[in-house]
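So the chains spell out like this:
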Amino acid sequence: MVNPTTTAPKAPTDDWNSTTYSTTVAPFVPALTTKITALLAPQASDVILDLGCGDGVLTKDLAAHAKHIVAIDSSANMIEAANKNYSAPNVEYHVWDGADLAGFQAEHGEKQYDKVFSNAAIHWIMGSPDTLDEAKASTRRAHGFAGIFAALKPNGLFISESGGHLNCADIRAALFSALLANGVTMQQIKAANPWWFPTVAEMRKELEKAGFEVELVEEEFRPTELTKEEDGGAGGWVRLFCARFLRLVEDEEKREEVVRSVAEVLEFVGGHGDVEGGSKCGYVRIRVVARRPEVVV
Ligand code: BEZ
């Protein structure tokens, strides 16, 4: 049975599970951070806002090189795991929607940061729960980037890496085809889409609209080996990251069939001889360094 609703669920469900994320499905996310942490280059005097900190594994590493880190994530599950596993005297974790930094500042004091940092989160944060309404989606993005700008000290830097245009297109195309084959409509798929995967030009436009001086926007095609854990691989990836789409198929057996077929397709398309039984997914990263000018005109 296919869920007949045409809009994505309004009340956000917390689909995150920190253990599944960090051990079974995506341990490579905090591991593949050499380039973005080099751009961040944390200094002992830096007060940093970590936007979309997830389970805090990278936050704690960064905290060893910074003065203080305020880390936020919209998932209560992730923040609970971060407080439990990656606490440090100079780190504070909060549950908050990263697209509403104005609200965060109003609630927690108008702190200004040397740097706002974000890894693997901007595509979620600047995505929209109401993606069929482009006006609402664009207002959310504008509010999100304006909030980052306002949170920075003059001359402060926004440094981020996230999913860019065509990110994971292979696995997404396999999933959407499987959903269509199971009676889900393209309109339902679009309504459930939580991500914003911008081109370089789109990212630059948003940053400049918010007032940033853009120092770097670059993209990188980075095929990434998925895990070979029993509940990991492409199937685990889809279960964890694509829960919103899977909920469009009500029947559990059909849902499992969708997951199985995506895994099969990806193992064929992304499988390779280097790692027996391994399969890669076509991650595309977009990296940003943008400065809040000394004088805002
Ligand atoms: C990413 O990090 O690029 C990503 C992760 C999950 C779903 C989509 C994209």
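First, a word on scope: everything that follows refers to the structure included in this document. Residues take numbers from 1 onward in each chain, read along the sequence in its written order. Totals for whole chains, interfaces and linings use every residue, but because this is a predicted model, local features are given only for residues with pLDDT of at least 70 and side-chain atom pairs only at 80 or more, for both listing and counting. Water and hydrogen atoms play no part in the side-chain values, which are based on all heavy atoms of the structure.

A look at the overall build of the chain
Note the following rule: In DSSP terms, a helix is any run of H or I states spanning at least four residues, a strand is any run of E spanning at least two, and both are numbered starting from the N terminus. For the radius of gyration, the atom set is restricted to C-alpha positions; the globular benchmark scales as 2.2 Å times the number of residues to the power 0.38. Each residue is assigned to one of three classes by its accessible area relative to the maximum for its type, calculated with a 1.4 Å probe on protein chains only: buried under 20%, partly exposed between the two thresholds, exposed over 50%. Only the protein chains shown count as cover for residues, with accessible areas throughout obtained via the Shrake-Rupley method and a probe of 1.4 Å.
Scanning the chain for helices and strands turns up 14 helices and seven strands. In terms of C-alpha radius of gyration, the chain reaches 19 Å, essentially the compact-globule figure of 19 Å for 297 residues. In the chain, which comprises 297 residues, the share counted as buried stands at 51%. Looking at the chain as shown, the accessible area adds up to about 13,600 Å², and 53% of this sits on carbon and sulfur atoms.

Some words on the layout of surface pockets
To be explicit about the condition: Think of a 1 Å grid over the protein atoms and nothing else: a 1.4 Å probe that fits but is trapped marks a cavity, an open set flanked by protein within 12 Å on at least five of seven lines marks a pocket, and residues with an atom within 4 Å of a point count as lining. Grid points are joined across faces, edges and corners, and a volume is the space filled by probe spheres set on the points. Note on residue classes: Ala, Val, Leu, Ile, Met, Phe, Trp, Tyr, Cys and Pro are nonpolar, Asp, Glu, Lys and Arg are charged, and everything else, Gly too, is polar.
Empty space within the second largest pocket amounts to approximately 510 Å³. Taken together, 23 residues form the lining of the second largest pocket, with E134, N193, W195, W196 and F197 sitting closest to its centre. Of all the secondary-structure elements, those providing two or more residues to the lining of the second largest pocket are α8 (134-151), α9 (169-181), α10 (186-192) and α11 (200-210). A total of four residues in the lining of the second largest pocket trace back to one element, the largest contributor, which is α11. Looking at the lining of the second largest pocket residue by residue, the class counts come to 10 nonpolar, five polar and eight charged.

A look at the site of the ligand
For clarity, the cut-off: A single heavy atom is enough: if one lies within 4 Å of a molecule or strand, its residue is considered near that molecule or strand. Any N or O atom pair separated by 3.5 Å or less is treated as a polar contact, with the protein-specific requirement of one donor-capable and one acceptor-capable atom, and with residues adjacent in sequence counted only for side-chain atom pairs.
All residues in the neighbourhood of the ligand are listed as H123, W124, N167, W195, F197, W237, F241, Y283 and R285. N167 places a polar side-chain atom, nitrogen or oxygen, 2.7 Å from an oxygen atom of the ligand. Contacts to the ligand include R285, whose side-chain N or O atom sits 2.2 Å from an oxygen atom. For the ligand, whose unbound accessible area comes to 270 Å², protein coverage reaches 98%. Going through the elements one at a time, α7 (122-125), α12 (233-241) and β7 (280-291) are the ones with two or more residues in the shell around the ligand. Within the shell around the ligand, the residues separate by chemical class into six nonpolar, two polar and one charged.

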